[in-house]
Amino acid sequence: MSRQRPLDRRALFASATAAALLAASGVSAASVPRRGGRLRMALSGASRTDSWTRGAGLFMQVARQGLVFDTLTEIGADGTLRGELASSWTPFDGARVWQFDLRRDVTFHDGAPFTSADVVASAAGFADGNVTAAGRHAVIVHLASPDPSLPMRLAAPEFYISAAHAPASGIGTGLYKVGRFAPGQQLLVTRVAAHYKGNDVGWFEEVELVSVPAETVRAEALGGYMVDAADLTQADAIAGLADVTGQPGGRRLMQAVSRDLGQPAQVGFQRPMDNLRAAERWWFA
């Protein structure tokens, strides 16, 4: 879907503070979120050696956590911690032991149910403690030393949960399932029709990631309407582009976004692309 000009600029948010934040962002955030279209992002950090188990650049971070897989916890754009695949968590023994209760309504893209076995198998690749199943829908994490911040740490992109029965595949529980993956070049995904997160997130029907190593070329692609967002750090790269805004703003940029994209009142900038979750939170205005 090519970008569309916003037809309606009526205020969505009731508070004057939210309205001011939206106006300052420079993008359309005064429209009611609506479903449809293909979000196209030009990203750095890709490699021809990337796979679903290899590659830590921005391209694969967005591919994994932002699209295909989920983590146990999630940090919202407002900085608050919330559950994703975990429904709750409880510390024991001075935060040396943690129990994570898991959602029971989650399935992988191939229809297999999500269980504690998937967390245990995934944790074998990233845990700094011992992770064991406590039944079908809970896991226990035993740490060598107390870690009160463990639930927050598990929201990081490297702690994604994959399928125990297909660990190296692109089969996840995320809002989008893989249609085409060319390592170091392109990823095309489609929205899961019936997802456990419901219909209040994930507005795009499709998302396309394109690997563009050069920042100047990413800026040109954005200015030429070939993509809708790109990770950028140099404000000069988008100088004079009236249809593009740099975020967070000024000379300190993490990303540049088409003004035809709508965004919520708060956009997370811990990492580019709304903490990697642009496809879940943004929409075409």
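Above this note sits the structure.
An account of the accompanying structure is given in this report. Keep in mind the model is a prediction, meaning the values are calculated, not measured. (Residues numbered from 1 in each chain as written. Predicted model: local features only at pLDDT ≥ 70, side-chain atom pairs only at ≥ 80, totals over all residues. Heavy atoms only, no water.)

## Quick look at the nonpolar core
We apply this condition: Buried Ala, Val, Leu, Ile, Met, Phe, Trp, Tyr and Cys residues form a nonpolar core when they are joined through side-chain atoms within 4.5 Å. Partly exposed residues are those whose accessible area sits between 20% and 50% of the maximum for their type, while under 20% is buried and over 50% is exposed, using a 1.4 Å probe and protein chains only. Starting at the N terminus, helices and strands are each numbered in turn, a helix being any DSSP run of H or I of at least four residues and a strand any DSSP run of E of at least two. Any pair of residues with heavy atoms lying within 4.5 Å of one another is described as a contacting pair.
Residues Met-41, Leu-67, Val-207 and Leu-209 are the most contacted members of the largest nonpolar core, which totals 29 residues. For this core, the element with the highest residue contribution is helix H2 (residues 58-68), accounting for 7 residues. Ignoring any residue separated from it by four or fewer positions in sequence, one finds Leu-67 in contact with Val-62, Gly-174, Leu-175, Tyr-176, Leu-187, Val-189, Val-207, Leu-209 and Ala-279. By size, the runner-up hydrophobic cluster in this structure holds 24 residues, among which are Leu-72, Phe-108, Leu-143 and Ile-161.

## Some remarks on the pattern of salt bridges
Stated precisely, the cut-off is as follows: Whenever a carboxyl oxygen of Asp or Glu lies within 4 Å of a side-chain nitrogen of Lys or Arg, that contact is scored as a salt bridge.
Here the structure, examined in full by the defined rule, presents 16 salt bridges. Each of the salt bridges in this network shares a partner with another, and the network as a whole consists of Glu-74, Glu-84, Lys-197, Asp-274, Arg-277, Glu-280 and Arg-281.

## A look at the packing of aromatic side chains
To describe a pair of aromatic rings, one takes the distance between the centres and the angle between the planes. The line we're drawing: In this analysis, rings of Phe, Tyr and Trp, with Trp reduced to its six-membered ring, are considered paired at centre separations within 6.5 Å, and the interplanar angle assigns stacked below 30 degrees, edge-to-face beyond 60, and tilted for intermediate values.
Counted by the stated rule, this structure contains 7 aromatic pairs. Residues Phe-204 and Phe-284 carry aromatic rings whose centres are separated by 5.4 Å and whose planes lie at 85° to one another, so their mutual orientation is edge-to-face. Taken together, the positions of Phe-204 in the loop between strand E11 (186-191) and strand E12 (206-211) and Phe-284 in strand E17 (residues 283-284) put the pair 80 residues apart, joining distant regions of the chain. Across the pair, exposure class does not vary: Phe-204 and Phe-284 are buried alike.

## A short note on the sheet that holds strand E14 (residues 244-249)
Put simply, the rule reads: The pairing criterion is simple: DSSP has to find at least two bridges between the two strands. Interaxial angle, 0 to 180 degrees, is taken between N-to-C directions of lines fitted to C-alpha atoms, where a helix line uses only the stretch in contact.
One open sheet accounts for 7 strands, arranged E10-E11-E12-E1-E13-E15-E14; its pairing is mixed. Either end of the sheet is taken by a strand with one partner, and the two such strands are strand E10 (176-182) and E14. Pairing between strand E1 (residues 38-43) and E12: 6 bridges, direction parallel. Bridging across to E12, Ala-42 finds its partner in Val-210. Sheet strands touched by H2: E1, E10, E11 and E12. Its angle to E12, the strand with the most contacts, is close to 165°. The sheet strands contacting helix H5 (residues 215-223) are E1, strand E13 (229-230), E14 and strand E15 (252-258), and the helix crosses E15 at an angle near 30°.

Nothing here speaks to function; it is geometry throughout.
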